[in-house]
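Remarks on the overall topology
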There are 2 protein chains.
Amino acid sequence: MINRVTIPLHQRLSDELRARVASGRWQRGFRLPSEAELCAEFGTSRGPVRQALAALRSEGLITGGRGRPPEVSGAVPAQSFSTFMSFSEWAAGSGFTPGQHTYELARRPACAEVAAMLDVPADTPAVDLLRLRLLDGVPAMIERTSFPADVGRLLFDFDTDSGSVFAYLRDQGVPLARGHHVVDAVAADPFDSDALQVPEAAPLLRERRRSMAADGRVLEASDDRYRPDLVTFSIENSLEARAPLTRVHSTNDATEAT
Amino acid sequence: MINRVTIPLHQRLSDELRARVASGRWQRGFRLPSEAELCAEFGTSRGPVRQALAALRSEGLITGGRGRPPEVSGAVPAQSFSTFMSFSEWAAGSGFTPGQHTYELARRPACAEVAAMLDVPADTPAVDLLRLRLLDGVPAMIERTSFPADVGRLLFDFDTDSGSVFAYLRDQGVPLARGHHVVDAVAADPFDSDALQVPEAAPLLRERRRSMAADGRVLEASDDRYRPDLVTFSIENSLEARAPLTRVHSTNDATEAT
């Protein structure tokens, strides 16, 4: 009756390495054993060890990579603002090649729902971007993002198939300063199903995000749907460190509209 | 083609209040306007204002409640260790009455999957707890938890329909010190569907958790499945504060087993 999960080897390895940091056995500045030494200690091949190290690196727990031996950088796994906001930066930092395919970049009057997300009156011009995101060529996420017109217009001078919209907008001086994220689960609609190559109504991990300037102006709002067999979210908490996210009750939750 | 979401009023209110804290407009120690003043400012009734304040309180952003006027406590929404680990404590802190119905509390040899979660050899005696959790009487989450035998045996002296297992174990001296959580989405199986009153294969928000002592010993492992229309996870990040959780690539992700 009780369903259980098998934890893949690289996740058990990264759990163990995280535990060594969290318990203080490996302190800040500690130089990690070599990949060969870790393979020998855990009796595994290099692949899972590399995946585990990449996970810790993407969390900011260890430094190094590309020749430099990794060292413990801090005790609370976390991602920098840009790594958490940017799929491209996160993917690259985790050892994957990020990819994207643009379905449309459209200027249109904000419908009521987009207007609410962007905090502008309905029918204000807005820009909608719909993209498929890939990891090493595998469809991993569908991104439905809206921008106020003055921000979105910058994208008509950008090849949205070329890489990170976040990095481009930041380079253009768009003052992205903070994000508010709500994580839930949603059934794949026919479009999601086709794009992500999953059955219709398959469960997807959804992150809804509003990105703001320091003064609270909404600069971007997105509905990102991940294949949960490819991407999950991970959190550590402890007696010393407050939990890094909060459960939220959502009666009368966001209702779908087209 | 682009699905959008309508943000319910209380969430927009709590977003706005969070933005005032994050932007520094409301600094630490700032005394919030009264409920009546907030109702007047936003042109709403008291219900959404109270829900928004309860959300901020459950995140640790504001103090007060029950007569004391709320004050801004800090700028990073977060939950204490016990609030994040305990469904009961979180629910009560958010203004709901938590409830639970126990399907079974069973001692049995750990199958391979439970053994992997608990980090013990297969067939080691373990204790499995299967409970439905409720918010104000509404089924909200299915909890499948396993314990090493020496921890789980404590539960045979506890009425698991009476409240928080986390609080009970802590009071019994079980040294829960940190948690590792993985959040994804999963389709409701027939049991989930029946218990949570959702269609079979409906998307559920899943939190898999391993709770450990300071030395890394696993004291509890759980697979908690939430109705996403009732509970979501919320995260804030900013240029100043590192993201409080991390995306994790999960190829060869946990595979379901019975």
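Treat the numbers as computed from the prediction; the structure is a model and nothing was measured.

Here we take up the overall build of chain A. Looking only at helices and strands, chain A features nine helices and ten strands. Within the span of chain A, comprising 258 residues, buried residues form 62% of the whole. Of the contacts made within chain A by residues no fewer than 6 positions apart, 58% connect residues no fewer than 24 positions apart. Of the roughly 10100 Å² of accessible surface on chain A, 51% is carried by carbon and sulfur atoms.

Between side chains of opposite charge, a pair can form as their charged atoms come close. Per the counting criterion, the structure on display carries 42 salt bridges over all chains. Ionic pairing is found between A:Arg209 and A:Asp224, a salt bridge with its closest N-O pair at 2.9 Å. Linking A:Arg209 in strand E6 (residues 203-212) with A:Asp224 in strand E7 (residues 218-226), this pair joins segments that are 15 residues apart in sequence. Put simply, B:Glu207 and B:Arg209 hold a salt bridge, and the shortest N to O gap is 3.6 Å. Taken as a pair, B:Glu207 and B:Arg209 share a single burial class, namely buried. Because the salt bridges share partners, they merge into one network encompassing A:Arg144, A:Asp184, A:Asp189, A:Asp192, A:Arg206, A:Arg208, A:Asp223 and A:Arg225.

All names here are of chain A. Per-chain confidence: chain A averages 84 in pLDDT, with 85% of residues scoring 70 or above. The lowest-confidence element of chain A is strand E10 (residues 255-257), averaging 30 in pLDDT; the highest-confidence one is helix H9 (residues 190-196), averaging 97. Taken as a whole, residues 251-258 scores under 50 in pLDDT and shows 29 contacts with residues more than four places along the chain or in a different chain.

What follows deals with the side chain of B:Asp224. All names here are of chain B. Given a relative accessible area of 2%, Asp224 falls into the buried group. Of the polar contacts made by the side chain of Asp224, one reaches the side chain of Arg209; its length is 2.9 Å. If sequence neighbours within four positions are ignored, Asp224 has contacts with Met141, Ile142, Glu143, Arg144, Leu205, Arg206, Glu207 and Arg209.

In this section: the pairing of E6(A). All names here are of chain A. Judged by how many residues are buried, E6 sits mostly within the fold: ten of ten residues are covered. On E6, burial covers both faces: Pro203, Leu205, Glu207, Arg209 and Ser211 on one face and Leu204, Arg206, Arg208, Arg210 and Met212 on the other are all buried. For strand E5 (residues 178-187) and E6, the ladder comprises ten bridges, and the chain directions are antiparallel. Each residue of the ladder has a partner; that of Gly179, found in E6, is Ser211.

Within the secondary structure, B:Ala167 sits in helix H8 (residues 165-171). Sequence spacing of B:Ala167 and B:Glu89 is 78 residues, and the spatial spacing of their C-alpha atoms is 8.6 Å.

This brings us to the packing of helix H2 (residues 35-42) of chain B against helix H3 (residues 46-58) of chain B. Residues and elements named next belong to chain B. Contact geometry of H2 with H3 gives a least axis separation of 9 Å together with a crossing angle of 115 degrees. With respect to each other, H2 and H3 are oriented roughly perpendicular. In this structure, H2 meets H3 at a crossing whose hand is right-handed. Two secondary-structure elements touch here, H2 through Glu35, Ala36, Leu38 and Cys39 and H3 through Arg46, Val49, Arg50 and Leu53. In the contact of H2 with H3, the residues fall into five nonpolar, no polar and three charged.

This paragraph deals with empty space enclosed by the protein. Tallied over the entire structure, the rule returns eight cavities of 30 Å³ or more. Lining the largest cavity are 21 residues; nearest its centre among them are A:Met85, A:Glu143, A:Phe166, A:Arg209 and A:Glu220. Among the secondary structure elements, those contributing two or more residues to the lining of the largest cavity are helix H5 (87-93), strand E3 (125-135), strand E4 (138-148), helix H8 (165-171), E6 and E7 of chain A. In terms of residues, the lining of the largest cavity owes the most to one element, E4(A), which gives four residues. Looking at the lining of the largest cavity residue by residue, the classes come out as nine nonpolar, five polar and seven charged. In this model, the second largest cavity occupies a volume close to 150 Å³. If you go around the second largest cavity, you meet 19 residues; those closest to its centre are B:Met85, B:Arg133, B:Glu143, B:Arg209 and B:Glu220. Elements with a contribution of two residues or more to the lining of the second largest cavity: helix H5 (87-93), strand E3 (125-135), strand E4 (138-148), H8 and strand E7 (218-226) of chain B. Of all the elements, E4(B) adds the most residues to the lining of the second largest cavity, at four residues. Among the residues making up the lining of the second largest cavity, the classes are represented as eight nonpolar, four polar and seven charged.

Here we take up the environment of B:Pro228. Residue and element names in this part refer to chain B. For Pro228, the location among the structural elements is in the loop between E7 and strand E8 (231-238). Residue class for Pro228 comes out buried when judged on its relative accessible area of 11%. Residues Pro228 and Leu205, 23 residues apart in the sequence, show an inter-C-alpha distance of 5.6 Å.

This part covers the packing of aromatic side chains. All names here are of chain B. Enumeration over the complete set of coordinates arrives at 13 aromatic pairs over all chains. Ring geometry for Phe87 and Tyr226: centres 6.5 Å apart, planes at 35 degrees, overall tilted. In this pair, Phe87 sits in helix H5 while Tyr226 sits in strand E7, placing the two residues 139 residues apart along the sequence. When sorted by exposure, Phe87 lands in the same class as Tyr226, which is buried. Ring-pair connections join several aromatic residues into one group, and the members of that group are Phe84, Phe87, Trp90, Tyr226 and Phe233.

So, on to helix H3 (residues 46-58) of chain A. All names here are of chain A. End to end, H3 covers 18 Å across 13 residues, agreeing with the expected 18 Å (1.5 Å per residue, within 8%). Listing the buried residues of H3 in full gives Pro48, Val49, Ala52, Leu53, Ala54, Ala55, Leu56 and Ser58. Positive backbone phi, approximately 80 degrees, marks Gly60, located one or two places after H3.

Reading guide: rules and limits
Residues numbered from 1 in each chain as written. Chains lettered and ligands numbered in written order. Predicted model: local features only at pLDDT ≥ 70, side-chain atom pairs only at ≥ 80, totals over all residues. Heavy atoms only, no water. Helix = DSSP H or I, 4+ residues; strand = E, 2+ residues; numbered from the N terminus. Buried < 20%, exposed > 50% of the residue type's maximum accessible area, 1.4 Å probe, protein only. Contact = heavy atoms within 4.5 Å. Areas by Shrake-Rupley, 256 points an atom, 1.4 Å probe, with all protein chains shown as cover. Salt bridge = Lys/Arg side-chain N within 4 Å of Asp/Glu carboxyl O. pLDDT = per-residue confidence, 0-100. Polar contact = N/O pair within 3.5 Å; in protein donor to acceptor, adjacent residues only side chain to side chain. Pairing = 2+ DSSP bridges. Axes fitted to C-alpha atoms, helices over the stretch in contact; angles between N-to-C directions. Parallel < 35°, antiparallel > 145°, perpendicular 65-115°, else oblique. Left-handed = near helix turned anticlockwise from the far one by under 90°. Nonpolar A, V, L, I, M, F, W, Y, C, P; charged D, E, K, R; others polar. 1 Å grid on protein atoms, 1.4 Å probe; cavity = no way out; pocket = protein on both sides within 12 Å on 5 of 7 lines; lining within 4 Å. Points joined across faces, edges and corners; volume = space filled by probe spheres on them. Phe/Tyr/Trp six-rings, centres within 6.5 Å; stacked < 30°, edge-to-face > 60°. Expected span 1.5 Å × (residues − 1).

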